[in-house]
2 protein chains.
Amino acid sequence: MTPQNKKIPRMSLERLPIYYRTLCNLADDGYQRIKSAQLGKIIQIEPTTIRRDFSYFGDLGKSGYGYDIGHLIEIFGMILEVNETQGLALIGVGNLGRALLINNFRRNPNLEIITAYDADPAIIGETINDVIIQPLADLQADLSTKQIKGVISTVPSHALQLVVDYLVECGITSILSFAPEPVNVPESVHVRYLDLTTEVQNLLLLAELG
Amino acid sequence: MTPQNKKIPRMSLERLPIYYRTLCNLADDGYQRIKSAQLGKIIQIEPTTIRRDFSYFGDLGKSGYGYDIGHLIEIFGMILEVNETQGLALIGVGNLGRALLINNFRRNPNLEIITAYDADPAIIGETINDVIIQPLADLQADLSTKQIKGVISTVPSHALQLVVDYLVECGITSILSFAPEPVNVPESVHVRYLDLTTEVQNLLLLAELG
């Protein structure tokens, strides 16, 4: 990670995982070079956007000749730290949490839920996919022995702010929340919201309005 | 739904569900009016953005006096069609699909998974939360008797394009896919992608880059 990465626009960074995955698939299929127009067609992103995004990571392509796929994979992989497994903590092991724990990013060797927490005494102690469900109060101690890079929360809205306050207190700086209500966190903490209802409503709305 | 809605920017439409839900919560708590600055603080959106978004739906507020919450709820509810239950079909009843079916948008009375399909003979015929799992080939016939407004797909990448081709053939125009790989569809069909791996990778990346 070099300091100049700080200038890369957020939207460009958000496209990195799809670039990375698509390029890995192409490499697996034996491709060595690709032009922005071809890549754009596969992932449905404008070639000019792709060229601009790639330019933030250095001069990686030659006009009319395309990009070296292996080189791009190396650079993007370094930025995404795909060679290092990133440990995650799951908070909330209801239906959705359970599904996440069973799947546990199995198609992505660099992400792994390594600890799980719930408030329900009936499920604390249960093991799912080799992960023991613990009381949330154990998180602080776990952080001193385990490399937890971020938290996935399926905690419902009414309990979320309390849980998030505790996470912040523990020093967690990355939270993905499946509840739609925004939570209050210090500026140094990153929260992403992933609400299925909002996603479906937006989908239907956009389809309706054409 | 009035024709002038067609001019409303996509980003403004995407914020409608969060506006709607927050205003409903405020109304439940007995509030009748709110200023953009107050609302902005709750949902962490700039007041100028809120005022601009609201202006697309007519002149709804008075300077210094704020917005009428009931009026906003009525208008936004009409646009979101929250009074009408929107039926959804679920394709793919693995761990994630099962969790979606068990939860089934229970906190949102206007969204409901009403049919579910899978390719696995071992689970076809099983009933989850009152929905029977059917073979995908039944979808075409179901569409003639049931109001299915959109599809949620948890179908893995390798099978997805085939399934999507069938959905398009059946006349489905709204698809939410949990697989990251883009699919080819005609322009009239809307696809949203919701990939958990991408979400988590982006979260960790943004936290890392500050």
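What counts and how
- Residues numbered from 1 in each chain as written.
- Chains lettered and ligands numbered in written order.
- Predicted model: local features only at pLDDT ≥ 70, side-chain atom pairs only at ≥ 80, totals over all residues.
- Heavy atoms only, no water.
- Helix = DSSP H or I, 4+ residues; strand = E, 2+ residues; numbered from the N terminus.
- Buried < 20%, exposed > 50% of the residue type's maximum accessible area, 1.4 Å probe, protein only.
- Contact = heavy atoms within 4.5 Å.
- Areas by Shrake-Rupley, 256 points an atom, 1.4 Å probe, with all protein chains shown as cover.
- Lys, Arg positive; Asp, Glu negative; His and termini not counted.
- Charge placed at Lys NZ, Arg CZ, Asp CG, Glu CD.
- Pairing = 2+ DSSP bridges.
- Axes fitted to C-alpha atoms, helices over the stretch in contact; angles between N-to-C directions.
- Parallel < 35°, antiparallel > 145°, perpendicular 65-115°, else oblique.
- Left-handed = near helix turned anticlockwise from the far one by under 90°.
- Salt bridge = Lys/Arg side-chain N within 4 Å of Asp/Glu carboxyl O.
- Nonpolar A, V, L, I, M, F, W, Y, C, P; charged D, E, K, R; others polar.
- 1 Å grid on protein atoms, 1.4 Å probe; cavity = no way out; pocket = protein on both sides within 12 Å on 5 of 7 lines; lining within 4 Å.
- Points joined across faces, edges and corners; volume = space filled by probe spheres on them.
- Domains from an automatic or database assignment.
- Buried area = accessible area lost by both parts, 1.4 Å probe.
- Polar contact = N/O pair within 3.5 Å; in protein donor to acceptor, adjacent residues only side chain to side chain.

Peer 1: Can you break down the overall build of chain A residue by residue, with the values?
Peer 2: What chain A contains, in helices and strands, is 8 helices and 10 strands. For the C-alpha atoms alone, the extent of chain A along its principal axes is close to 60 × 45 × 35 Å. The proportion of buried residues among the 210 residues of chain A is 53%. Sequence separation of 24 or more characterises 57% of the internal contacts of chain A that already satisfy a separation of 6 or more. Entry remark: accessible area of chain A is about 10300 Å², with carbon and sulfur atoms responsible for 51%. Here chain A contributes 17 positive and 24 negative side-chain charges, whose respective centroids are spaced 12 Å apart.

Peer 1: How would you summarise the sheet that holds strand 3 (residues 66-68) of chain A if you had to cite specific residues and measurements?
Peer 2: All names here are of chain A. If you trace the 3 strands from one edge of the open sheet to the other, you get 1-3-2, paired in antiparallel fashion. With partners counted over all chains shown, the strands left at the sheet margins are strand 1 (33-34) and strand 2 (61-62), one partner each. As defined by bridge partners, strand 2 adjoins strand 3 across 2 bridges and the pair is classed as antiparallel. Counterpart to Lys-62 in the pairing with strand 3 is Gly-66.

Peer 1: Would you mind going over the packing of helix 1 (residues 10-28) of chain A against helix 4 (residues 69-80) of chain A in detail, with residue names and values included?
Peer 2: All names here are of chain A. Between helix 1 and helix 4, the least distance of the axes is 9 Å, while the angle of their chain directions is 140°. When the axis of helix 1 is compared with that of helix 4, the two are oblique. Of the two possible hands of crossing, helix 1 and helix 4 adopt the one that is left-handed. Counting all contacts with helix 1, which are made through Leu-16, Pro-17, Tyr-19, Tyr-20, Leu-23, Cys-24, Leu-26 and Ala-27, the residues of helix 4 involved are Ile-69, Leu-72, Ile-73, Phe-76, Gly-77, Ile-79 and Leu-80.

Peer 1: Hey, could you go over the pattern of salt bridges for me, with residue numbers and the actual values?
Peer 2: A full pass over the atoms with the stated rule returns 14 salt bridges over all chains. For Arg-192 of chain A, the salt bridge identified is with Glu-199 of chain B, shortest N-O distance 3.0 Å. Within this pair, whereas Arg-192 of chain A is found in strand 10 (residues 190-193), its partner Glu-199 of chain B is found in helix 8 (residues 196-208), the two belonging to separate chains. Residue classification places Arg-192 of chain A among the buried positions, given a relative accessible area of 11%.

Peer 1: Now, about the packing of helix 2 (residues 36-43) of chain B against helix 3 (residues 47-55) of chain B: what can you tell me, with residues and values included?
Peer 2: All names here are of chain B. Contact geometry for helix 2 and helix 3: axes closest at 8 Å, N-to-C directions at 110°. Taken together, the axes of helix 2 and helix 3 lie roughly perpendicular to each other. Helix 3 is crossed by helix 2, and the crossing has right-handed handedness. Contacts between helix 2 and helix 3 involve Ser-36, Ala-37, Leu-39, Gly-40 and Ile-43 from the former and Pro-47, Ile-50, Arg-51 and Phe-54 from the latter. When grouped by side-chain class, the residues that make up the contact of helix 2 with helix 3 number 6 nonpolar, 2 polar and 1 charged.

Peer 1: Which residues make up empty space enclosed by the protein, and what values go with them?
Peer 2: Scanning all chains against the criterion turns up 2 cavities of 30 Å³ or more. What the largest cavity holds in volume is close to 70 Å³. Residue assignment for the lining of the largest cavity shows that the elements contributing at least two residues are helix 4 of chain A together with helix 8 of chain B. Here the lining of the largest cavity gets 4 residues from one element, more than from any other, and that element is helix 8 of chain B.

Peer 1: Explain the side chain of Glu-14 of chain B to me, and be specific about the residues and the numbers.
Peer 2: With respect to the secondary-structure elements, Glu-14 of chain B resides in helix 1 (residues 10-28). By relative accessible area, which is 18% here, Glu-14 of chain B ends up buried. Ignoring any residue separated from it by four or fewer positions in sequence, one finds Glu-14 of chain B in contact with Asn-202 and Leu-206 of chain A together with Arg-192 of chain B.

Peer 1: Report on the domain arrangement of chain A, specifying residues and quantitative values.
Peer 2: For chain A, the assigned domains are domain 1 (10-80) and domain 2 (86-198). Placing the centre of domain 1 of chain A and that of domain 2 of chain A at their C-alpha centroids yields a distance of 32 Å.

Peer 1: Quick one: what's the story with the interface of chain A and chain B, residue by residue and with numbers?
Peer 2: In this complex, chain A contributes 64 residues to the contact, which on the side of chain B involves 64 residues. Interface of chain A and chain B: buried area, both sides summed, is about 5700 Å²; carbon and sulfur atoms make up 64% of it. Here chain A is connected to chain B by 6 salt bridges. Here chain A is connected to chain B by 13 residue pairs in polar contact (both at pLDDT 80 or more). If you tally residues by element for the side of chain A that touches chain B, the top one is helix 8 (residues 196-208) of chain A, at 13 residues. Partitioned by chemical class, the residues of the side of chain A that touches chain B number 33 nonpolar, 19 polar and 12 charged.

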